[in-house]
Each structure stands twice: as C-alpha cells, then as structure tokens.
Amino acid sequence: MADAALGQEVAEVAIPTRAQVLVRMRLADKAFQYLTHAMALGVLGLLGCIIIALFIGSLPALRTFGFDFLLTQRWNPVTDKFGALAPIYGTIVTSAIAMAIAVPIGLLVAMFLTELCPLWLRRPIAIAVELLAGIPSIIYGIWGLFVFAPFLQAHVQPLLIDVFGEVPILSSLFAGPPYGIGTLTAGLILAIMVLPFITSISRDVFEAVPAVLKESAYGLGCTTWEVFRNVVLPYTRVGVIGGIMLGLGRALGETMAVTFVIGNAHKIAPSILAPGTTISATIANEFTEAVGDLYTSSLIALGLILFAITLVVLALARYMLLRVERRLGA
Amino acid sequence: MDISLYRRRRRRNWMAQFFSLAATLVGLGWLVLILAVLLWEGFGGVSSKVFTEMTPPPGSDGGLLNPILGSLIMTGLAVLIGTPVGILAGTYMAEYGRYARTTTVVRFINDILLSAPSIIVGLFIYEVMVAPMGHFSALAGAVALAVIVVPVVIRTTEDMLLLVPNPLREAAAALGMPRAYIIRHVAYRAAKAGIVTGVLLAIARISGETAPLLFTALNNQFWSTNLNAPMASLPAVIFQFALSPYAEWQKLAWTGALIITLAVLTLSIVARAVTASRRPS
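### Overview of the overall build of chain B
When helices and strands are tallied, chain B shows 12 helices and zero strands. Counting from the amino terminus, helix and strand elements in chain B follow one another as α-α-α-α-α-α-α-α-α-α-α-α. Here the C-alpha radius of gyration of chain B, 24 Å, is well above what a compact globule of 281 residues would show, namely 19 Å. Across its three principal axes, chain B shows a C-alpha extent of roughly 75 × 65 × 35 Å. Counting all 281 residues of chain B, 53% fall into the buried class. In chain B, the proportion of contacts linking residues at least 24 apart, taken out of those at least 6 apart, comes to 73%. Total accessible area on chain B is roughly 12,500 Å²; 67% of this is exposed by carbon and sulfur atoms. Each charge class in chain B was averaged separately, 21 positive and 12 negative side chains, and the resulting centres sit 14 Å apart.

### Details of the overall build of chain A
In terms of helices and strands, chain A carries 13 helices and two strands. Taking 2.2 N^0.38 as the reference for a compact globule, 330 residues should give roughly 20 Å; the C-alpha atoms of chain A span a radius of gyration of 28 Å, well beyond that estimate. Within chain A, buried positions represent 50% of all 330 residues. For chain A, the accessible surface area stands at approximately 15,300 Å², while carbon and sulfur atoms represent 68% of it. Separation of charge centres in chain A, based on 19 positive and 19 negative side chains, amounts to 9 Å.

### Describing the interface of chain B and chain A
Taken together, the 78 residues of chain B in the interface contact 79 residues of chain A. Across the pair E226 of chain A and R9 of chain B runs a salt bridge, and its minimum N-O distance is 2.7 Å. Among the elements that line the side of chain B that touches chain A, the one with the most residues is helix α1 (residues 3-44) of chain B, at 19 residues. Residues of the side of chain B that touches chain A, tallied by class, amount to 55 nonpolar, 14 polar and nine charged.

### With respect to unusual backbone geometry
Phi is positive for N264 of chain A, which is not a glycine, with a value near 50°. Along the polypeptide, N264 of chain A turns up in the loop between α11 (256-261) and α12 (279-286). With phi around 60°, L218 of chain B is a residue other than glycine that occupies positive phi space. Tracing the chain through its elements places L218 of chain B in the loop between α10 (211-214) and α11 (234-242).

### A word on helix α3 (residues 65-96) of chain B
With 32 residues, α3 of chain B extends 45 Å from end C-alpha to end C-alpha; this agrees with the ideal 46 Å at 1.5 Å per step. The largest bend in α3 of chain B comes to about 30°, at G82 of chain B, with the proline P84 of chain B one to four residues further on.

### Regarding the packing of aromatic side chains
The geometry of an aromatic ring pair is captured by two quantities: the separation of the ring centres and the angle between the planes. Within this structure, the stated rule accounts for 20 aromatic pairs over all chains. Between the aromatic rings of F82 of chain A and Y295 of chain A, the centroid separation amounts to 5.0 Å while the plane-to-plane angle is 15°, which identifies the pairing as stacked. A residue pair is termed long-range when its members are at least 10 positions apart, and F82 of chain A in strand β2 (residues 81-82) and Y295 of chain A in helix α13 (residues 293-329) qualify at 213 residues. Using a relative accessible area of 0% as the deciding quantity, one classes F82 of chain A as buried. According to the relative accessible area criterion, Y295 of chain A is buried, its value standing at 8%. Taken together, the aromatic side chains of F65, F69, W75, F82 and Y295 of chain A make up a single cluster linked through ring pairs. The ring of F32 of chain A has R184 of chain B sitting right over it, with the charged end atom 5.2 Å from the ring centre.

### With respect to the packing of helix α7 (residues 166-174) of chain B against helix α8 (residues 179-190) of chain B
Residues and elements named next belong to chain B. Axis separation between α7 and α8 bottoms out at 10 Å; the angle between their running directions is 155°. Considering their axes alone, α7 and α8 lie roughly antiparallel with respect to each other. Note on packing geometry: the crossing formed by α7 with α8 is right-handed. Every residue of α8 that contacts α7 at L168, R169, A172 and A173 is listed here: I182, V186, A187 and A190. When its residues are assigned to classes, the contact of α7 with α8 shows seven nonpolar, no polar and one charged.

### Notes on the pattern of salt bridges
Applying the stated criterion to the full structure yields 12 salt bridges over all chains. The shortest N-O distance in the salt bridge between R203 of chain A and D204 of chain A comes to 3.5 Å.

### Thoughts on the confidence of the model for chain B
Residues at a pLDDT of 70 or more form 98% of chain B, whose mean pLDDT is 90. On the interface metric, ipTM, the complex scores 0.90, and its pTM is 0.91.

### Remarks on the packing of helix α6 (residues 137-164) of chain A against α11 of chain B
α11 of chain B packs onto α6 of chain A with a crossing angle of 10° between their chain directions and a minimal axis gap of 11 Å. When the axes of α6 of chain A and α11 of chain B are compared, the pair comes out roughly parallel. Residue-level inspection shows I138, I142, L145 and F146 of chain A of α6 of chain A in contact with α11 of chain B, the latter providing P235, I238, F239 and A242 of chain B. Here the contact of α6 of chain A with α11 of chain B is built from residues that sort into eight nonpolar, no polar and no charged.

### Description of the environment of N110 of chain B
Residue and element names in this part refer to chain B. Along the chain, N110 falls in helix α4 (residues 101-114). By relative accessible area, N110 is classed as buried at 2%. When the C-alpha positions of N110 and A16 are compared, they lie 38 Å apart, and in sequence the two are 94 residues distant.

### Quick word on the environment of V143 of chain B
Residues and elements named next belong to chain B. Residue position: V143 is located in helix α6 (residues 138-163). Taking the C-alpha atoms as reference points, V143 and V79, separated by 64 residues in sequence, lie 9.4 Å from one another. Those residues within four positions of V143 in sequence are excluded, and the remaining contacts are I81, I125 and M129.

### Concerning a positive patch on the surface
A cluster of basic residues, R7, R8, R10, R11 and R12 of chain B, forms a positive patch at the surface. Tracing the backbone through its elements, the reader meets R11 of chain B in helix α1.

### Focus: the side chain of T255 of chain B
All names here are of chain B. One can find T255 in helix α12 (residues 247-278). Looking at T255, the relative accessible area reads 1%, which means it is buried. Excluding residues within four positions of it along the chain, T255 makes contact with G42, G45, V46, V50 and L64.

### Remarks on a nonpolar patch on the surface
All names here are of chain B. Residues L39, F43, V46, F51 and L262 make up a contiguous nonpolar surface patch of roughly 440 Å² in combined accessible area. If you trace the backbone, L39 turns up in helix α1. Looking at L39, the relative accessible area reads 37%, which means it is partly exposed.

### A word on the environment of L59 of chain A
Its place among the elements puts L59 of chain A in helix α2 (residues 18-65). For L59 of chain A and S298 of chain A, which are 239 residues apart along the polypeptide, the C-alpha to C-alpha distance reads 8.8 Å.

Criteria and cut-off values
The numbers attached to residues start from 1 for each chain and follow its sequence in the written order. Working convention: letters from A go to chains and numbers from 1 go to ligands, in the order in which they are written. Reporting in this predicted model follows two pLDDT cut-offs: at least 70 for local features of residues, and 80 or more for side-chain atom pairs to be given and counted; totals over whole chains, interfaces and linings ignore these cut-offs and use all residues. The side-chain numbers reported here are obtained from all heavy atoms of the structure, hydrogens and water having been left aside. In this description a helix means any DSSP run of H or I spanning at least four residues, a strand means any run of E spanning at least two, and both kinds are numbered starting from the N terminus. In this setup the radius of gyration rests on C-alpha atoms only. A globule is expected at 2.2 Å times the number of residues raised to 0.38. Type-normalised accessible area, obtained with a 1.4 Å probe on protein chains alone, sets the label of each residue: buried when under 20%, exposed when over 50%, and partly exposed for intermediate values. Any two residues having at least one pair of non-hydrogen atoms within 4.5 Å are treated as being in contact. Methods summary: accessible areas were calculated by the Shrake-Rupley approach with a probe of 1.4 Å, and residue burial reflects only the protein chains presented. Charge assignment in this entry is limited to Lys and Arg as positive and Asp and Glu as negative, and neither His nor the chain termini are counted. For the purpose of locating charges, the reference atoms are NZ of Lys, CZ of Arg, CG of Asp and CD of Glu. What counts as a salt bridge is simple: a side-chain nitrogen of Lys or Arg found within 4 Å of a carboxyl oxygen of Asp or Glu. Only Asp, Glu, Lys and Arg are considered charged, only Ala, Val, Leu, Ile, Met, Phe, Trp, Tyr, Cys and Pro nonpolar, and every remaining residue, Gly among them, polar. By this rule, a helix spans an expected 1.5 Å times one less than how many residues it contains. The angle between axes fitted to the seven residues ending at a residue and the seven residues starting there is what we call the bend at that residue. Only centres within 6.5 Å qualify two rings of Phe, Tyr or Trp (six-membered ring in Trp) as a pair; their planes then separate them into stacked at under 30 degrees, edge-to-face at over 60, and tilted for everything else. A ring is considered to have a charge above it if a Lys NZ or an Arg CZ atom is located within 6 Å of its centre and within 35 degrees of its normal. Under this scheme, a helix contributes an axis fitted over its contacting stretch, all axes are lines through C-alpha atoms, and angles between N-to-C directions fall in the 0 to 180 degree range. Small angles under 35 degrees read as roughly parallel and large ones over 145 as roughly antiparallel, with 65 to 115 read as roughly perpendicular and the rest as oblique. In this scheme the crossing of two helices becomes right-handed for a clockwise turn of the near helix relative to the far one and left-handed for an anticlockwise turn of less than a right angle. pLDDT is a per-residue confidence score from the predictor, ranging from 0 to 100. What makes a patch is a set of residues exposed beyond 30% relative accessible area and free of salt bridges, joined within 9 Å when like-charged and within 5 Å when nonpolar (Val, Leu, Ile, Met, Phe, Trp, Tyr).

As structure tokens, then:
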C-alpha cells in the first residue's frame, strides 16, 4: 500500500516536458544575455551621464560668464566673479613640468629594464615599479607637504634663485621668495607619481620589439644605445607616445598630491616657485566650502573643463595603444 | 677604420648606459625614500589607541577607529555594488558580444573611464545624489567608489574570460548546455582566479581614493554607521589632519597614511599571488 501511495504522489508532481524545459532554458539564456548586454551598455550610459550631469551643473556659471569664463583670471567668491584661467594655466604648467622630468627618466628606466638589466633582476624591478604605481596619491601628497616642500625651501629653491637671478628670462621664472610649496613642487611630485606609469607602459612596448630586428642591428655592429635610439624607439614610437599621453592624463587630473603642495593661489605668477592652483586642487579645496549657486556651479564648470581635456588626451592615448595592439595581433 | 668615430660611438654608448642606470637608481631610490619616510613617521604613531579610539578634537590624543570603520563600510559597499555590474558587463564583452561593434566601443570608453580623474566622479555623484538628497551621505560615497570599481572589474573580467580556451566552451555546448549555463559554470569557473584578482585590485584602487569622497561622504568626527549621514574615511581624515596645524593630528595623518599604504600593497601582492598560483607556467 505504501508503495502504491508513494507512486501516486510522484505521479502527481508535474514532470515538465522536454519542450517546457527547453523553453525555460531559452528564456533564462536570453535573460542572462540581455542582463549582461544592458550592463555593458551601462558603461556608455555612465560616460554620457557624467558629461550631462557636469554640463547641467555648470550651466549657471557658463550662462553668467559665457566664454569669458575661460579667459579671465579673477576668482572672487565675495563679488561672485569667477574665471578659470588661473587653474587651467596651473594644470597645464604643473603637468608640463611633470612630463618634462618623467618622460626622459621613464624611458631611460624602461631602456635599462629591457636592454641592460640582468635577467634575474628584471622581474623584481618591474613588479616593484607596478606596485609603486598603485600607491594612493594622498601618500605622495602628505610626503610632499611634510618632507619634500621643506627640503626644497631650505636647499633647492634658494639655489635656483641664486643661480638664475642674473639670467634674463630665467630670472623671472625662478623669482621670488622660496615658499617651498608652489607650482614647481607640485610639478615635481607629479613627475614622481607618473614615472611608474610611463616606465611600465614603455617597458611593455619595448619588450614587444621582435628580437630579430635588434639582433640584426647588433649584427651590423650597433651599440646598445644605437639599437635603442634607431631601432627600438622608431619601432615603438606610437606605443611610447600612447604611454606618455596616458601618464599625462594622470598628471592633468591628479588631485590629492597636488592639493597638498600647490598653495591654492588664484593668480598666474610668472615664477614657477610661486604658489598657484590647478583645476582639481581648486575643486578639492573649495567645493565643500562653496556657498551660493554660482560659486558651486563655477567649480563644476572647472570640473567639466578638466574632464573634457583629459577625455581628449586619454582617447588619443588609447587610440595609439590600440594601434600598437592591432599591429601585434596582425 | 675610423678610430675617432669608433671612440665617439663607444663613449656615447657608455654615457647612455650610465644615464639609464642612473635614472633607474634615482627613480627607484626616490620611491623607496618615500616609503621609508612613511614607515618611519607612520610607525612612530602606531599604538593600540589608533585602533580603539575615535578621532580626537584638536590638541588631544585619540585614534582612527571611526575612519577605519568608515573606510571598510564604504569600500565593502562599493565592491558589493560595483563588482556584479563589472562582471556582467565584462561577460557580455568576452562572451556574447565578443565580435560585436558595441564591445569595441565599450572597451574604448571603459579604458578611458579607467584613468579618468577621480575627482570628476566625486562631482558627478554630488550632482546626481548629494544635491537631490540635500545632504552628504556614506551611501553617496560608496556609489562614487563603485563608479571607480566598475571599469577595473570590467577590464580584468574581460581579459580573463578571453583567456579561457574555447574547447572548454565547445565541449560544454556539445553536452547540450545552454549558453548562460556554460558561462556561469564553465567559463567563470576557469577564470575565477583572474576575476578575483580584478576585484582585489579594485579594492586596492579605491581604498586610497580621497577625491571622490570629499564631497560625497564628507567626513565625520564621530562614530557613525548610518549610511544616510556623513561618514569618516581614512583618506578624508588624512587630508583634514595633515593640513591642520596640530601636531597630534599630523601624527595621526601619518599613521593613517601608513595603514592605507600597507593595505594597498598587501592587496596588490595578494592579487598577484592569486594569478601567479593559477597560471600554468
């Protein structure tokens, strides 16, 4: 009896037919596909949303000041007059200093890692460089504020002022009292920060040079430097420029490291020893204290400008690196 | 043979090699110097108080308990929000849409978002969350961090799924498995180590992010677990304390900086170890 009852119960549970199972599987499959597709498109949506949100946020400032916003230096929260020229100038100058220092050093380090370094040492150094690239920028900022800026103030800046004091153009570039903090300090900190990025990307592209090319050059009697200069660099030009632009993108948008040491002064000084400001430092320093719609909106407009600049730089960088990848793939 | 030309070339080569070595020593030495100062200053302030007491008012002793807790809460929440989105989007790019035009575009945009300035993310979340809600909140901070997590996870998920050999998928398909099932039970399983690495790297990335938190989660002097209110975080506290004139605060800022750096380095090394152990040599 028990057996019969059990049999009956089992029979009552609806066993899905083959067709039903297939339909359910197909539905689940489609659902999962649409879900992943939606998330991927969400990335595009995210970029769009960021641009739209920043644009809407900056509308009051753009409407009030118009194109003048880009061209004036005044930044006066009391009279509600704002212009972005000083932060834009500071952003460009600090990044330029950073790239002028980090690019040659980064390329030379990458050359060392791919051409000169003993094999057993390559991996440890490469890993060290990549770990250092991951150190948060606030660490560089606090080091810059407490260690680097006082050091520059006490030893390097007086020297610069003395040495270049009599040289016509350079004297105004290195003029003024040694504050410690300022545009030059921010540029130097940025250089230290982007160095690992440039090194690690250049190393990757240098390593992709076919050994045959280098060996033929060595076979002709080229020195290491000549091989690097005339074979490796021309072959990897696009990739190296891509890597440099990626580093530039970082330098332009870097916030915390700069905010600590730039001095936050809204004026364009001819001397790079003087305090200045950058777009990101202005936003970080003033946003929470900004009262009034126009002030907030001006800061968001600064953010929009920064985003536009970095988007262009990063897009170019990625495009160049993509070209390298395609060539390698082909 | 032109001896002078030969000598000149040799000399130039020596100089280039010397500068190359010097650049490496200076570059690495510089970075080591920063770490050394950080260890020196940071360990000077480490005590049990750091992990048991709240941030102090100016001029008195205290610890970093509330910012540590705040950082953990917001980082955790950001990973919870960002990881599923990133993994699903990466799945589309590597599986369903591997050859689709969308994928190329999404990959390009994602790579740009990967290195976009993080302060922009802070402004964006301020506009869409903080301003409409009318107040700063830990939730907004977590969402801002999640926006940074997503591109990192997408990138690694896609890369790792592309490394999974196709015969595995074909074998599963030959057994009659539906596509979604193959992805979830075959591809994910094969790429697990890589995807975990991506999540760890994302955590490392956001645990030091300051700029997106400044005007989303703001800061908080007190113990708070309320997601709808401002919350302290280690980076924000370091920022505030380091720029203050009080010696006690500056000391705590160094200690906080040390904690963050050690956390980030540990995460990156663990992430490396996870991939290294799974990758066949």
